[in-house]
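Overview (structure and organization)
Each chain is listed here by its residues.
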Amino acid sequence: MIDEALIAGIELGGTKCIASLARGRTILRQERWPTGTPDTLELISTEVARWAGEEPIAAIGIASFGPLLLDPAHPRFGHMGRTPKPGWAGADIAGHFRQRFDLPIAIDTDVNGAALAEGHWGAAQGCDAHIYATVGTGVGLGIVVDGRPLHGRMHPEAGHMRIRRQAGDDFPGGCPSHGDCIEGLVSGPGLIARAGRPLAGVGDDDPLWRRVAMDLGEWAAMLILALSPQRFVIGGGVPQLRPGLLPMIRRHAGHLLNDYLDDLDEAAMDRLIVPPGLGSDAGPLGAVMLGRTALELQ
Ligand code: ADP
Ligand code: ZN
């Protein structure tokens, strides 16, 4: 039974990396490291090897920030794509673990992993189509249809979509590739650039958060129109630390959709756009879910 298998889930985030050892959805052990250079992978695999030495692990799932090369036919499958993150461009993420563990290993984006976990255990159970966004060091979107994460030519990069800007807002945005894409506007580093100070010092009543909610509301409305999700789970450090954002995002997205979609009144919006049912475990359990898929594919 897959729920009895011991699975290691490795979540690589823009700020922190978390390795978890889980049976089913129960996390038995967890370690975290700040995301440094790819040398961080060595620290993680050493810890996972220590766990495996105590009790055999059945599979490893890797849920990583992107962009990742995820076409199995690609010679660099499982490598990091182009990223400004120092040292990470081209890093062979899956290969690092394959060289050290003779186990089934699966890799996907952090958000595809979290979307799968929310579909299996969390707020998106029973959905045919749902999406999971993280708003943290970056902005990412995972899309799951009929229980499978969307890959296509690599994976969605919807965090780099440009949205309609709010009138009077001329902040140029912080994305090195696009300036004012949604990630450039509302990711942690984008927000720090906009606020001109650390976010811990920005009060919940600061007008910055209304702007963030308006921008995310624009993005949410476009995603709802494009993808028709039955659930849109919004996680990541920013909404987790600022729970007041979600109701504002819902309200603004609803206002933009303007009754165009049937059966999407205010109460339905409350059920559509939700925080992770798994709370801050959505990311770590996302990595665990990927390990389960590796085991199932055997
Ligand atoms: P990761 O991106 O590594 O997965 P998180 O999703 O936890 O990590 O997001 C971390 C982000 O949360 C950081 O980029 C940071 O800017 C942002 N953050 C930190 N403190 C606050 C705060 N008090 N309010 C809003 N955002 C914050
Ligand atoms: Zn961008």
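In what follows, the structure referred to is the one given above.
Residues numbered from 1 in each chain as written. Chains lettered and ligands numbered in written order. Predicted model: local features only at pLDDT ≥ 70, side-chain atom pairs only at ≥ 80, totals over all residues. Heavy atoms only, no water.

Here we look at the overall build of the chain
A tally of helices and strands in the chain yields ten helices and ten strands. For 298 residues, the compact-globule estimate of 2.2 N^0.38 gives 19 Å, and the chain sits close to it at 19 Å. Projecting the C-alpha coordinates of the chain onto the three principal axes gives extents of approximately 55 × 40 × 35 Å. Going through the 298 residues of the chain one by one, you find that 54% of them count as buried. Put simply, 63% of the contacts in the chain that link residues at least 6 apart link residues at least 24 apart. Summed over its atoms, the accessible surface of the chain is roughly 13,700 Å², and 51% of this surface lies on carbon and sulfur atoms. (Helix = DSSP H or I, 4+ residues; strand = E, 2+ residues; numbered from the N terminus. Rg over C-alpha atoms; globule rule 2.2 N^0.38 Å. Buried < 20%, exposed > 50% of the residue type's maximum accessible area, 1.4 Å probe, protein only. Contact = heavy atoms within 4.5 Å. Areas by Shrake-Rupley, 256 points an atom, 1.4 Å probe, with all protein chains shown as cover.)

As for the coordination of the zinc ion (ligand 2)
Taken together, His160 (ND1), Cys175 (SG), His178 (ND1) and Cys181 (SG) make up the protein donors of the zinc ion (ligand 2), found 2.1 to 2.4 Å from the metal. Relative to the metal, the four donor atoms surrounding the zinc ion (ligand 2) lie at angles of 101 to 123°, and the coordination shape comes out tetrahedral. Counting along the primary sequence, the residues that act as donors to the zinc ion (ligand 2) give the motif H-x14-C-x2-H-x2-C. For Cys181, a relative accessible area of 0% translates into the label buried. (Donors = N, O, S within 2.8 Å, 3.2 Å for Na, K, Ca; no water. Tetrahedral: all angles 85-135°; square planar, octahedral: opposite > 155°, others 65-115°.)

Examining the packing of helix H6 (residues 208-227) against helix H8 (residues 245-257)
A pair of packed helices can be characterised by two numbers: the angle between their axes and the separation between those axes. Running from amino to carboxyl end, H6 crosses H8 at an angle of 50°, the nearest separation of the two axes being 7 Å. Our classification of the angle between H6 and H8 gives oblique. Our pair here, H6 against H8, has a crossing hand that is right-handed. Between H6 and H8, the contacting residues are Trp209, Arg210, Val212, Ala213, Met214, Leu216, Gly217, Glu218, Ala220, Ala221, Ile224 and Leu225 on the first element and Leu245, Met248, Ile249, His252, Ala253, Leu256 and Leu257 on the second. (Axes fitted to C-alpha atoms, helices over the stretch in contact; angles between N-to-C directions. Parallel < 35°, antiparallel > 145°, perpendicular 65-115°, else oblique. Left-handed = near helix turned anticlockwise from the far one by under 90°.)

Some words on the sheet that holds strand E9 (residues 231-235)
One open sheet holds the five strands; their spatial order is E8-E7-E6-E9-E10, and the pairing between them is mixed. For this open sheet the edge positions go to strand E8 (148-149) and strand E10 (273-274), each flanked by a neighbour on one side alone. When strand E6 (residues 129-135) meets strand E7 (residues 139-145), the two strands line up antiparallel, connected through seven bridges. What sits directly across from Tyr132, in E7, is Gly142. Sheet strands touched by H6: E6, E7, E9 and E10. Its angle to E7, the strand with the most contacts, is close to 20°. (Pairing = 2+ DSSP bridges.)

Some details on the site of ligand 1
Lining the immediate environment of ligand 1, one finds 15 residues, of which Thr15, Lys16, Thr137, Gly237 and Arg242 sit closest. Residue Lys16 places a side-chain N or O atom 3.1 Å away from an oxygen atom belonging to ligand 1. In this structure, Thr137 approaches ligand 1 through a side-chain N or O atom, which is 2.6 Å from an oxygen atom. The greatest single-element share of the shell around ligand 1, amounting to three residues, is contributed by helix H7 (residues 237-241). Partitioning the shell around ligand 1 into residue classes produces five nonpolar, eight polar and two charged. (Near = heavy atom within 4 Å. Polar contact = N/O pair within 3.5 Å; in protein donor to acceptor, adjacent residues only side chain to side chain. Nonpolar A, V, L, I, M, F, W, Y, C, P; charged D, E, K, R; others polar.)

Quick word on the environment of Ala294
Tracing the sequence through the fold places Ala294 in helix H10 (residues 282-296). Expressed as a C-alpha distance, the spacing of Ala294 and Ala22, which sit 272 residues apart in the sequence, is 15 Å. If we skip the residues at most four places from it in the chain, Ala294 touches Ile60, Pro104, Ile105 and Ala106.

Digging into the sheet that holds strand E3 (residues 26-34)
Ordered in space as E3-E2-E1-E4-E5, the five strands form an open sheet in which the pairing is mixed. Two strands bound the open sheet, and with one partner strand each, they are E3 and strand E5 (105-109). Put simply, the sheet's adjacent strands are angled 15° from each other on average, direction ignored. For strand E1 (residues 6-12) and strand E4 (residues 59-64), the ladder comprises six bridges, and the chain directions are parallel. By the bridge assignment, Ile7 is partnered in E4 with Ala59. Here helix H1 (residues 40-54) sits on the sheet and contacts E1, strand E2 (16-23), E3 and E4; the angle it forms with E3, its principal contact strand, is near 155°. Relative to the sheet, H10 contacts E1, E2, E3, E4 and E5, its axis offset from that of E4 by approximately 135°.

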